Amino acid sequence: MKRLLIIGLFLIARPLFIFAQDESANRKQLNFFQDSLKHLGYTFINDEIDVHRKSANYQFIKTLVSALKIPNSFLFPFDSVKAISILNSPDNRFRIFSWHIINMDGSYRFYGAVQMNTGGPLKLYGLEDYSPLLKNPEDSVTDARKWYGAQYYKIIPVYAANPYYVLLGWKGNTVVSTKKVIDVISFKNGPPQFGLPVFDEKGKTRDRVIFEYSEQATMLLHYVPTQNLIVFDNLIPPDKKSEGKPETYGPDLSYNGFRLKNGRWEYVDNLDMRNVPSAKDAEFIDPKGEKAGGDDTTKPAKKAP
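What you are looking at is a predicted structure, and each value in this text was computed from that prediction instead of being measured.

S.K.: Honestly, the overall build of the protein in this entry has me stumped. Any pointers?
M.R.: The number of helices and strands found in the protein is 2 helices and 18 strands. Here the protein, with 305 residues, has 48% of them falling under the buried criterion. Taking the contacts inside the protein whose residues are at least 6 apart along the sequence as the reference set, 54% of them involve residues at least 24 apart. Roughly 16,000 Å² of accessible area belongs to the protein as shown, and the carbon and sulfur atoms make up 54% of that amount.

S.K.: I would appreciate a short explanation of the pattern of salt bridges in the present structure.
M.R.: Note that side chains of opposite charge can pair when their charged atoms are close. Following the criterion strictly, the structure yields 7 salt bridges and no others. Across the pair Arg206 and Glu138 runs a salt bridge whose closest N-O atoms are separated by 3.0 Å. Within this pair, whereas Arg206 is found in strand β11 (residues 204-206), its partner Glu138 is found in the loop between β4 (124-128) and β5 (142-143), the two being separated by 68 residues in sequence. Of the two residues examined, Arg206 and Glu138, each falls in the buried class. With its nearest N and O atoms 2.9 Å apart, the salt bridge here joins Asp183 to Arg208. Taken together, the positions of Asp183 in strand β8 (residues 177-186) and Arg208 in the loop between β11 and β12 (209-214) put the pair 25 residues apart, joining distant regions of the chain. A relative accessible area of 0% places Asp183 in the buried class. A relative accessible area of 0% places Arg208 in the buried class. Three or more residues are tied together by salt bridges with common partners; here these are Asp50, Arg53 and Lys54.

S.K.: Where do I start with the sheet that holds strand β16 (residues 264-268) in this structure?
M.R.: What links the strands of a sheet is backbone hydrogen bonding, and the strands pair in either a parallel or an antiparallel sense. Here we have 6 strands laid out as an open sheet, ordered β11-β10-β16-β15-β14-β13, and mixed in their pairing. Only two strands of the sheet have a single neighbouring strand rather than two, namely β11 and β13 (221-224). In this sheet, neighbouring strand axes are inclined to one another by 30 degrees on average, regardless of whether the strands run parallel or antiparallel. With 2 bridges joining them, strand β10 (residues 199-201) and β16 adopt parallel strand pairing.

S.K.: I tried to follow the pairing of β8 on my own but got confused; where do I start?
M.R.: Sheet faces and side chains relate simply in a regular strand, where the side chains alternate between the two faces. Across the 10 residues of β8, 10 count as buried, placing the element largely inside the fold. Of the two faces of β8, both are covered, the one formed by Ser177, Lys179, Val181, Asp183 and Ile185 as well as the one formed by Thr178, Lys180, Ile182, Val184 and Ser186. Bridge count between strand β7 (residues 164-172) and β8: 8 bridges; the pairing is antiparallel. Counterpart to Tyr165 in the pairing with β8 is Ile185. The antiparallel pairing of β7 with β8 creates a hairpin that spans 4 residues between the two strands. Bridge count between β8 and β12: 6 bridges; the pairing is antiparallel. Its bridge partner lying in β12, Thr178 is registered against Tyr213. Both β8 and strand β9 (residues 193-194) contribute to a ladder of 2 bridges, which runs antiparallel. Residue pairing in the sheet places Ser186 in a bridge with Gln193 of β9. Counted between consecutive antiparallel strands, the loop separating β8 from β9 contains 6 residues, among which Gly190 sits at a positive phi close to 110 degrees.

About the cut-offs
- Residues numbered from 1 in each chain as written.
- Predicted model: local features only at pLDDT ≥ 70, side-chain atom pairs only at ≥ 80, totals over all residues.
- Heavy atoms only, no water.
- Helix = DSSP H or I, 4+ residues; strand = E, 2+ residues; numbered from the N terminus.
- Buried < 20%, exposed > 50% of the residue type's maximum accessible area, 1.4 Å probe, protein only.
- Contact = heavy atoms within 4.5 Å.
- Areas by Shrake-Rupley, 256 points an atom, 1.4 Å probe, with all protein chains shown as cover.
- Salt bridge = Lys/Arg side-chain N within 4 Å of Asp/Glu carboxyl O.
- Pairing = 2+ DSSP bridges.
- Axes fitted to C-alpha atoms, helices over the stretch in contact; angles between N-to-C directions.

Right, here's the structure in full:
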């Protein structure tokens, strides 16, 4: 009887032991890939030679996909890879990777991927930056192959009749201007869809909201969860001659926003910031490898090619 009990306990413990061994081996592999990604990310941000940056980025993509094919990779944070942004949705349904490469002319190209939390085989959607070809990006609902590229720093879930997630992102543009974007990701038919007509402003509805301003300026764009409010700087030209030239625009120390109401975002003009908490609920990861500032007014440092 005693012998049978010992055998029974062994048979129960053996699968658990094998599972633990597999998990340990998976984590070891993921740590190995993380070290490679960290090195490649540093290269595509800091190397002064254009071909070196692009080669490192190509290897980075291949390495990331290989890493994500390892079982339970969704649970691995890759938190030492500072060159990219990795955001988990608050409900842990998916996570989104996003990053940028600076081109020789000072413009930017963005890269990204959406990993679904399947608990099993990898389900990954690569994102292709289609920004230069989108004629009306604020009025365009797109798929992963026509992504309006950005580097995201905040996900805001909206539990409406058809749930969706708002994304706040930084979007380097040119040597003279920078952009920020309020976008939407949803999964109504399975694959990710970007943009949704839920932003209402002065009689106009937009699928996403884009801000462009001087490269020399900084712009506040953050979410206040206690008020269901997205707050942003009001941008104006420095003089009348510069009207219509967003590359000259900057904040005028007043603030506007979008407030969530019945699953939609309604524009709010001239907010009283004395009643809005400080923007400490999000941090933007500086691709140089250091946490920047403590709020999302910070933009990544530029590296001249």
